Amino acid sequence: MRVLISEAEIQQRVAVLGRQISEHYRGRPLTILGVLTGSVVLLADLIRAADLPLKVALIQASSYGGMRTSPGELSINRALVPDLRGRDVLVLDDIFDTGRTMVGLFETLEEFQPSSVRCAVLLWKKQRTCVEMEPDYFGFQIPDEFVVGYGMDFNDEFRHLPFIGVPESAELKNAESGTSDNTEAIGSSE
Ligand code: IMP
Ligand code: MG
């Protein structure tokens, strides 16, 4: 596993994002809407870096089915979404890649009649983005490489890594066959 962004770099950047978001939404009825499952680690860190009253909610979106590393059909599950009427919603996802997931989420959220909807992501693969929308907040722009860790997965593995890494093809093979051993990947973060 090659470390692309270290744990310390992520923590510093998330602290800055937390301050920017707090300044923008101070005095507003903010709901941070985390996109399952990739945003869970960022969500936990960002809400603690945001120094203002806020609510936390979740929505599920998936465009990568299982082991594939290219996007598939987008499916959005709104079963967990609470009443958002009159609230300022900040959609939080791990990565803005083509941008289709975020566009689909914004369309879905219209029916909840929030006062505003913006989005924040940790990573932006700007070269791959093929929609008009751009993230309102992003942590880092990254090149067109498949990354895992800090919430992001391959076949539901590697989400727990505290850094963002580019897996070796052997690691992807192991994760595919369900025999992955992440001990080395974790070691390489030190
Ligand atoms: P988009 O719809 O193409 O913007 O894709 C966004 C979603 O694809 C993200 O929420 C991730 O779940 C997933 N994704 C995109 N690139 C990567 C990656 O490099 N690693 C892991 N997941 C990714
Ligand atoms: Mg995702």
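For the structure itself, look to the data block above.
In what follows, the accompanying structure is described. Source: prediction; values computed, not measured.

## Regarding the site of ligand 1
Thinking step 1. Taken together, 16 residues form the shell around ligand 1, and within it T98, G99, T101, K125 and V147 come nearest.
Thinking step 2. One of the side-chain nitrogen or oxygen atoms of T98 is found 2.5 Å away from an oxygen atom of ligand 1.
Thinking step 3. Between ligand 1 and R100, the relevant distance is 3.5 Å, taken from an oxygen atom to a main-chain nitrogen or oxygen of the residue.
Thinking step 4. Contact with the protein chains hides 92% of the accessible area of ligand 1, taken as 490 Å² for the molecule alone.
Thinking step 5. Broken down by element, the shell around ligand 1 gets its largest block of residues, four residues, from strand 5 (residues 88–96).

## Notes on the pattern of salt bridges
Thinking step 1. In total, this model carries eight salt bridges according to the counting rule given.
Thinking step 2. Among the ionic pairs, E145 bridges to R2, the shortest N-O distance being 2.6 Å. Here E145, found in the loop between strand 7 (137–141) and strand 8 (164–166), pairs with R2, found in strand 1 (residues 2–5); they are 143 residues apart in sequence, far enough to count as distant.
Thinking step 3. In this structure E145 comes out as partly exposed when scored by relative accessible area, which is 24%.

## Here's the deal with the environment of L4
Thinking step 1. Here L4 lies in strand 1.
Thinking step 2. With a relative accessible area of 25%, L4 lands in the partly exposed category.
Thinking step 3. Distance from L4 to R48, taken between C-alpha atoms, is 24 Å for residues 44 residues apart in sequence.
Thinking step 4. For L4, the contacting residues outside a window of four places in its chain are E9, I142, E145, V147, I164, G165 and V166.

## Here we look at the sheet that holds strand 4 (residues 75–77)
Thinking step 1. On the basis of which strands lie adjacent, the open sheet formed by six strands has the order 4-3-2-5-6-7 and mixed pairing. Looking at the sheet topology across the chains shown, the edges are occupied by strand 4 and strand 7. Here the strands of the sheet are splayed against their neighbours by 25 degrees on average, with no regard to which way each runs.
Thinking step 2. In terms of strand pairing, strand 6 (residues 116–124) meets strand 7 through four bridges, oriented parallel. Of the residues in strand 7, the one forming a bridge with V121 is F138.
Thinking step 3. Relative to strand 7, helix 1 (residues 7–25) is tilted by about 160 degrees, and along the sheet it contacts strand 2 (30–36), strand 5, strand 6 and strand 7.
Thinking step 4. Sitting on the sheet, helix 3 (residues 100–110) touches strand 2, strand 3 (55–62), strand 4, strand 5 and strand 6, and the angle it makes with strand 5 is about 160 degrees.

The rules behind each value
- Residues numbered from 1 in each chain as written.
- Chains lettered and ligands numbered in written order.
- Predicted model: local features only at pLDDT ≥ 70, side-chain atom pairs only at ≥ 80, totals over all residues.
- Heavy atoms only, no water.
- Near = heavy atom within 4 Å.
- Polar contact = N/O pair within 3.5 Å; in protein donor to acceptor, adjacent residues only side chain to side chain.
- Areas by Shrake-Rupley, 256 points an atom, 1.4 Å probe, with all protein chains shown as cover.
- Helix = DSSP H or I, 4+ residues; strand = E, 2+ residues; numbered from the N terminus.
- Salt bridge = Lys/Arg side-chain N within 4 Å of Asp/Glu carboxyl O.
- Buried < 20%, exposed > 50% of the residue type's maximum accessible area, 1.4 Å probe, protein only.
- Contact = heavy atoms within 4.5 Å.
- Pairing = 2+ DSSP bridges.
- Axes fitted to C-alpha atoms, helices over the stretch in contact; angles between N-to-C directions.

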